[in-house]
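Architecture and fold: a report
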Amino acid sequence: MNWRDLLYFSKGERRALTLLLCLIVASWIILLLTDEKTDYTPVNNNRLSEPVKTAQNIPVNSPDPEKVKTPASGRKNNSSREKNKFHSGETKNTSERRTFPKTEKYPVGTVVELNTADTTILKKVPGIGSTFARRIIKYRELLGGFFTVEQLREVYGLDEERYNAMKSWFSADMSLICPLEIHKISFKELCKHPYINYQQARIIEQLRKQKGKLSGWENLQLLEEFTETDKERLTPYLSFE
């Protein structure tokens, strides 16, 4: 084998070697240009020659007085003082809230009229607070007034024991009842009364349309929707005039 064959390159190989050499030369040229353009900042000799100035009587490495942290013990004392102030203020406000005067109760033997008493008067009866006083007034408005003290049993939440304890404190004046004028009252207002249900209100409405005017309980007592108990309860509350 001739040594010249080892140095023989084809046309494609010669092109590749030429391109490789060109890339190598271009890389060296770029590196040389980059080194020459490196920034160089001259040192200011005047600034180096100036002595370091420090504030009088203040060490160079001393911390800023405004940024000095409060010791942990000081922070704990401050927080404890703030908590004490908060709790003392809260205790003061609580004591102020608890100094409301108690409602003065009536002496034994006092009798309260149910149809004229307001919540202030009702709360003076032993065993009645703000809640039951409001419920009694609301139920009285729905009825149109109490015709007997026993109707207090129908007040929501008023059990038999509480009723027996307070019944002797009340009386009921039937003349103060506001009856329903059956020829003028609307169907919705009839349904709102505690003693009249939807079916009874519908029958009264139909009878008013058929007869024009109801003369009295004789128009209702024969109907199956109205029992004898209903008549006893509704007689004080219905007006046929």
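Data block above holds the structure.
To start, this report covers the structure provided alongside it.

Parameters at a glance
- Sequence order as written defines the numbering, with residues in each chain counted from 1.
- Local features in this predicted model are restricted to residues of pLDDT 70 or higher, and side-chain atom pairs are both shown and tallied only at a pLDDT of 80 or more, whereas totals for entire chains, interfaces and linings draw on every residue.
- Side-chain descriptors were evaluated using all non-hydrogen atoms of the structure, hydrogens and water having been removed beforehand.
- The numbering of helices and of strands both runs from the N terminus, where a helix is a DSSP run of H or I of at least 4 residues and a strand a run of E of at least 2.
- To sort residues, take the accessible area from a 1.4 Å probe on protein chains only and compare it with the maximum for the residue type: under 20% means buried, over 50% means exposed, and anything in between is partly exposed.
- Two residues qualify as a contact provided that any one of their heavy atoms is within 4.5 Å of a heavy atom in the partner residue.
- Areas reported as accessible are Shrake-Rupley estimates using a 1.4 Å probe. Residue values count occlusion only from the protein chains shown.
- Note on aromatic pairs: the rings of Phe, Tyr and Trp (six-membered ring only in Trp) are paired at centre separations within 6.5 Å, and the planes decide the class, stacked below 30 degrees, edge-to-face beyond 60, tilted for the rest.
- Whether a charge sits over a ring depends on NZ of Lys or CZ of Arg being within 6 Å of the ring centre and within 35 degrees of the ring normal.
- Only buried residues count toward a nonpolar core, which is a set of Ala, Val, Leu, Ile, Met, Phe, Trp, Tyr and Cys residues joined through side-chain atoms within 4.5 Å.
- Segmentation of the chain into domains, including their bounds, is taken from an automatic or database domain assignment.

**Remarks on the overall build of the protein**
Within the protein one finds nine helices and four strands. Helices and strands in the protein line up, N terminus first, as α-α-α-β-α-α-α-β-β-α-α-α-β. Expressed as a percentage of the 241 residues in the protein, the buried residues total 24%. Partitioning the contacts of the protein with sequence separation of at least 6, the portion at a separation of at least 24 is 53%. Approximately 19,000 Å² of the protein is accessible, and the part contributed by carbon and sulfur atoms is 55%.

**A closer look at the packing of aromatic side chains**
Applying the stated criterion to the full structure yields six aromatic pairs. An angle of 70° between the planes, with centres 6.3 Å apart, marks the rings of W217 and F240 as edge-to-face. Taken together, the residues W217 in the loop between α8 (198–211) and α9 (228–234) and F240 in the segment after β4 (238–239) connect sequence positions 23 residues apart. By relative accessible area, F240 is classed as buried at 13%. Put simply, the rings of F147, Y195 and Y237 pair up and form one aromatic cluster. Looking at R233, its charged tip hangs above the ring of Y195, at a distance of 4.2 Å from the centre.

**Some remarks on the nonpolar core**
Formed by 41 residues in total, the largest nonpolar core has its most connected members in L122, I128, I136, L152, F170 and L238. Sorting the residues of this core by element identifies α5 (130–143), α6 (160–166), α7 (187–192) and α8 as the ones contributing at least two each. In this structure, this core is formed jointly by two domains, domain 1 (110–174) and domain 2 (178–237), each of which donates at least three residues. Setting aside its immediate chain neighbours within four residues, L122 contacts A117, I128, A133, I136, I137 and F170.

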